[in-house]
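Structural features, examined
One letter stands for each residue in the lines below.
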Amino acid sequence: MFDWITSLLDAAGYLGVAFLMFAENVFPPIPSELIMPLAGFLAYQDQMNFVGVVIAGSIGSLAGTYLYYIIARKIGHDRVRQLLEKHGRWLTMSPQDLDRASDWFDRHGNLAVLMGRMLPAIRTLISVPAGLTPMHHLPFLAFSLAGTVIWNTLLTWLGYALGSQYDLVSTYVNPVSNVVVAVLVLTYIYRVIRKKGGSAENTA
């Protein structure tokens, strides 16, 4: 995984960073905690510019989270609930999860978007309740961008700071990253199966 990401970034540059971060937000097979530090490595090696990496990653990330916001805003609360009732197990999200996220958003308002963009567990999910509320496009984009830039800057800096140990780090990051992705896939499968079982029980 490490080698694949670095080769993609070498070939596509900033566009590769933006694409990976967009994909990470739409369907997160690769965590941003892996993408941005690797781009930070390349910035340390002068293959990329630090600020350019942060900008590219933030643009891709913001585009991904905005997509979910638009979808939620277009289809509305009732249809989102219906979607989750029928197909929520594939998204590992139930109507109850939506209710909890919405309640949390109601309590914290705009700050929920700012903080949510820096929390790995809800980075993308926070877009859904935001889209289902009267929160307008510009405030959503502004708070999302602020949280995204802070998060991406931190991750890029971590990779840049470890740049002097690139050769050492690369020897173990690749197998570790493969394990991380495998765990993510297995966790997804487990959650789908668990949601399916829960749906069957509720139907019974």
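To start, this report covers the structure provided alongside it. Note that this is a predicted model, so its numbers are computed, not measured.

**Quick word on the overall build of the protein**
When its secondary structure is counted, the protein shows nine helices and zero strands. When the helices and strands of the protein are listed from N to C terminus, the series reads α-α-α-α-α-α-α-α-α. Each of the 204 residues in the protein was classed as buried or not, and the buried ones make up 40%. In the protein, once contacts between residues fewer than 6 apart in sequence are set aside, the share between residues at least 24 apart is 75%. Surface summary for the protein: the accessible area is close to 10,900 Å², and the carbon and sulfur share equals 68%.

**Points about the environment of Val51**
Of note, Val51 is situated in helix α4 (residues 50-91). Taking relative accessible area as the criterion, Val51 reaches 51% and is therefore assigned exposed. Separated by 102 residues in sequence, Val51 and Thr153 have C-alpha atoms that sit 8.4 Å apart.

**Side note on the environment of Ala112**
Relative to the elements of secondary structure, Ala112 occurs in helix α6 (residues 110-116). The buried category is assigned to Ala112, whose relative accessible area is 0%. Sequence separation between Ala112 and Ser127 is 15 residues; the distance between their C-alpha atoms is 9.9 Å. Every residue in contact with Ala112, bar those within four places of it in the chain, is listed here: Trp104, Phe105 and Ile126.

**Focus: the nonpolar core**
One recurring pattern in soluble globular proteins: nonpolar side chains tend to sit buried together. Residues Ile5, Leu9, Val17, Met36, Leu38, Met48 and Val53 are the most contacted members of the largest nonpolar core, which totals 18 residues. Of all the secondary-structure elements, those providing two or more residues to this core are α1 (2-12), α2 (14-26), α3 (32-44), α4 and α8 (137-161). In terms of residues, this core owes the most to one element, α3, which gives eight residues.

**Describing the packing of aromatic side chains**
In this structure the tally under the stated criterion is five aromatic pairs. Ring geometry for Phe50 and Tyr160: centres 5.7 Å apart, planes at 85°, overall edge-to-face. Pair noted here: Phe50 is in helix α4 and Tyr160 is in helix α8, with a separation of 110 residues, a long-range link. A relative accessible area of 23% places Phe50 in the partly exposed class. Counting every residue linked through ring pairs, the aromatic cluster contains Tyr44, Phe50 and Tyr160.

**Regarding the environment of Ser32**
Take Ser32: it is sitting in helix α3. By relative accessible area, which is 0% here, Ser32 ends up buried. Sequence-wise, Ser32 and Asn152 are 120 residues apart; in three dimensions their C-alpha atoms are separated by 8.1 Å. Apart from the residues lying within four places of it in its own chain, the contact partners of Ser32 are Met21, Glu24, Pro37, Arg123, Trp151 and Leu155.

Cut-offs applied
Residues numbered from 1 in each chain as written. Predicted model: local features only at pLDDT ≥ 70, side-chain atom pairs only at ≥ 80, totals over all residues. Heavy atoms only, no water. Helix = DSSP H or I, 4+ residues; strand = E, 2+ residues; numbered from the N terminus. Buried < 20%, exposed > 50% of the residue type's maximum accessible area, 1.4 Å probe, protein only. Contact = heavy atoms within 4.5 Å. Areas by Shrake-Rupley, 256 points an atom, 1.4 Å probe, with all protein chains shown as cover. Core = buried A, V, L, I, M, F, W, Y, C linked by side-chain atoms within 4.5 Å. Phe/Tyr/Trp six-rings, centres within 6.5 Å; stacked < 30°, edge-to-face > 60°.

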